[in-house]
Amino acid sequence: MKKFVNDPKNYVPEMLQGLALANPGTLRYVPEYNLIMRADAPRPDKVSLVQGSGSGHEPSHVMTVGRGMLDAACPGDVFSAPPTDYVYETVKLVSSPKGVLLLVNNYTGDRMAFEMAEELSQADGVTVRTLFIDDDVSVQDSTYTVGRRGVAGNFFVMKAAGAAAERGADLDEVYRIGEKVNSVTRTMGMALTACTPPAKGSPLFELPDDEIEMGVGIHGEPGRRREKMKPADAIVRELVTAVVDDLPYVSGDGVALMVNGLGGTPIGELYLVYGLAHRQLAERGIEIRRSYVGEYCTSLDMAGASITLVRLDDEISGLLADPAEIPIRVF
């Protein structure tokens with residue numbers, strides 16, 4: 001597998017340095033902690049939002065740092081949780097009088113790192129809370145999690161909580177918003193191929209050419225099952241059914257629909273998936289009010305896609321509509 005890599009150990013630092021250089025004046029890179037932060041953070045008039053998780057899911061999370069979304073992101077190595085001290089030092093650097101909210105995808109390593117950092121920060125007198133994101137309906141538990149995994153639905157939590165923070169909401173209110181969005185967000189993904197981590201240099205798992213993985217995790221964790229390749233309409237129907245039936249979403253609901261690419265799927269195929277999902281949801285009487293198509297939470301170069309639904313009300317719709325200024329320009 002050919003990749004733009006020098007020393008695999010430097011893959012993440014070199015990526016983060018490039019990100020900062022491409023966004024002068026708006027982003028700041030702190031190499032000691034793999035930290036990307038807003039150049040104007042912390043601001044005394046707003047809650048600071050921090051996300052982390054491993055690298056390899058870009059644009060999540062380092063490319064969602066900016067006005068209206070995150071104040072900082074401190075990733076670990078590829079598919080590895082950040083060390084506790086990275087999170088702890090990040091919290092100290094972005095600590096605001098209005099407090100800090102940590103947004104954490106529900107994986108065991110991430111939970112441990114962020115919970116320990118929260119305890120250390122609170123001992124220092126920092127006002128901080130932690131919100132766990134668990135939108136994946138694929139499996140209840142995996143080897144990486146206790147409970148459901150956090151996947152592409154994290155974008156809606158970041159966006160709504162970031163908008164609330166930008167409006168000046170206090171920490172309890174920003175937490176409430178994030179928790180509310182998480183509670184009405186569901187995602188399921190599938191893989192056509194495996195991904196190739198830079199340090200490994202070969203596919204993370206074996207997936208025969210005639211098979212797909214339904215419910216795959218964004219680190220390549222097993223999903224619900226492997227099955228033979230089938231037409232796109234059948235694949236999308238299985239994803240839509242799993243997501244809709246879980247909350248459940250019902251006829252008359254207004255939703256945001258996201259079709260997220262996992263890193264190696266052409267944009268044309270993602271729009272094809274969107275069209276099929278749109279039609280299938282309309283058949284159920286579910287109204288799509290906001291649409292998102294592209295790469296939001298990837299798994300390096302994995303070919304595949306996920307479908308996310310968010311049940312909308314006036315409050316969530318208003319927060320999602322607020323402006324945001326981040327490097328990827330997708331929100």
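Summarised in this report is the structure supplied together with it. Every value quoted in this text rests on a predicted model; they were computed, and no experiment measured them.

### Side note on the side chain of N106
Assignment of secondary structure puts N106 in the loop between β5 (100-105) and α3 (108-123). Classification of N106 by relative accessible area gives buried; the value is 3%. At 2.8 Å, the side chain of N106 forms a polar contact with the side chain of R111. Side-chain polar atoms of N106 contact the backbone oxygen of R148, separated by 2.7 Å.

### Section: the nonpolar core
Membership of the largest hydrophobic core comes to 62 residues, with the highest contact counts inside it found for I36, L49, L101, L103, F156 and V174. Put simply, the parts of the chain that give this core at least two residues each are α1 (11-22), β1 (27-30), β5, β6 (128-133), α4 (154-166), α5 (171-183), β10 (254-261) and α8 (314-321). A total of nine residues in this core trace back to one element, the largest contributor, which is α4. Setting aside residues no more than four positions away along its own chain, L49 makes contact with M69, L70, D71, A72, L101, L103, M158, A161, G162, A165 and V174.

### Topic: the environment of K200
Along the chain, K200 falls in the loop between β7 (185-191) and β8 (211-214). Sequence-wise, K200 and P8 are 192 residues apart; in three dimensions their C-alpha atoms are separated by 8.8 Å.

### Focus on the sheet that holds strand β9 (residues 225-228)
The mixed open sheet is built from six strands, whose spatial order is β9-β8-β7-β12-β10-β11. The sheet is open, and its two edges are formed by β9 and β11 (287-294), each paired on a single side. Across the sheet, the axes of successive neighbouring strands diverge by a mean angle of 20°, strand direction being ignored. Pairing analysis gives four bridges linking β8 to β9, with the strands arranged antiparallel. Counterpart to E213 in the pairing with β9 is R226. Packed onto the sheet, helix α7 (residues 267-283) meets β10, β11 and β12 (304-311) and runs at close to 165° relative to β11.

### Side note on the environment of A303
Relative to the assigned elements, A303 resides in the loop between β11 and β12. Of the residues examined, A303 reaches a relative accessible area of 11% and is grouped as buried. Residues A303 and K9, 294 residues apart in the sequence, show an inter-C-alpha distance of 24 Å. Excluding anything up to four places from it in sequence, A303 contacts M190, A191, L192, T193, G264 and T265.

### Brief notes about the pairing of β12
Counting buried positions over the eight residues of β12 gives seven, a clear majority of the element. With seven bridges connecting them, β7 and β12 associate as antiparallel partners. Within β12, the residue paired with T187 across the bridge is T308. Judged from the seven bridges that link them, β10 and β12 form a sheet pairing that is antiparallel. Among the inter-strand pairings, V259 is bridged to a residue of β12, identified as I307.

### Observations concerning the sheet that holds strand β2 (residues 35-38)
The six strands lie next to each other as β1-β2-β4-β3-β5-β6, forming an open sheet whose pairing is mixed. The sheet terminates laterally at β1 and β6, the two strands that pair on one side only. With four bridges joining them, strand β3 (residues 48-51) and β5 adopt parallel strand pairing. Looking at β5, one finds that L49 is bridged to L101. Contacts between helix α2 (residues 84-94) and the sheet are confined to β2, β3, β4 (72-73) and β5, with β2 contributing the most and set at about 15° to the helix.

### Re α2
Burial analysis of α2 places eight of its eleven residues in the buried class, the great majority of the element. Residues T84, Y86, V87, Y88, E89, T90, V91 and V94 constitute the buried set of α2. As for α2, its buried residues are in contact with β2, β3, β4, β5 and α3.

What counts as what
- Counting from 1, residues in each chain are numbered in the order their sequence is written.
- Local features are withheld for residues below a pLDDT of 70 in this predicted model, meaning they are given only at 70 or higher, and side-chain atom pairs are given and counted only at 80 or more; totals for whole chains, interfaces and linings count all residues.
- Note: side-chain values were computed over all heavy atoms of the structure, leaving out hydrogens and water.
- Each helix is a run of H or I in the DSSP string that is no shorter than four residues. Each strand is a run of E no shorter than two, and both are numbered from the N terminus.
- A 1.4 Å probe rolled over the protein chains alone gives each residue an accessible area, and that area as a share of the maximum for its type sets the label: buried under 20%, exposed over 50%, partly exposed in between.
- Pairs of N or O atoms are called polar contacts if they sit within 3.5 Å, as long as, within protein, a hydrogen donor faces a hydrogen acceptor (for residues adjacent in sequence, only side-chain-to-side-chain pairs).
- Only buried residues count toward a nonpolar core, which is a set of Ala, Val, Leu, Ile, Met, Phe, Trp, Tyr and Cys residues joined through side-chain atoms within 4.5 Å.
- Only heavy atoms matter for contacts: two residues are in contact if any of them lie within 4.5 Å across the pair.
- Any two strands between which DSSP finds at least two bridges are classified as paired.
- All axes here are fitted lines through C-alpha atoms, helices being fitted over the stretch that makes contact, and every angle between N-to-C directions spans 0 to 180 degrees.

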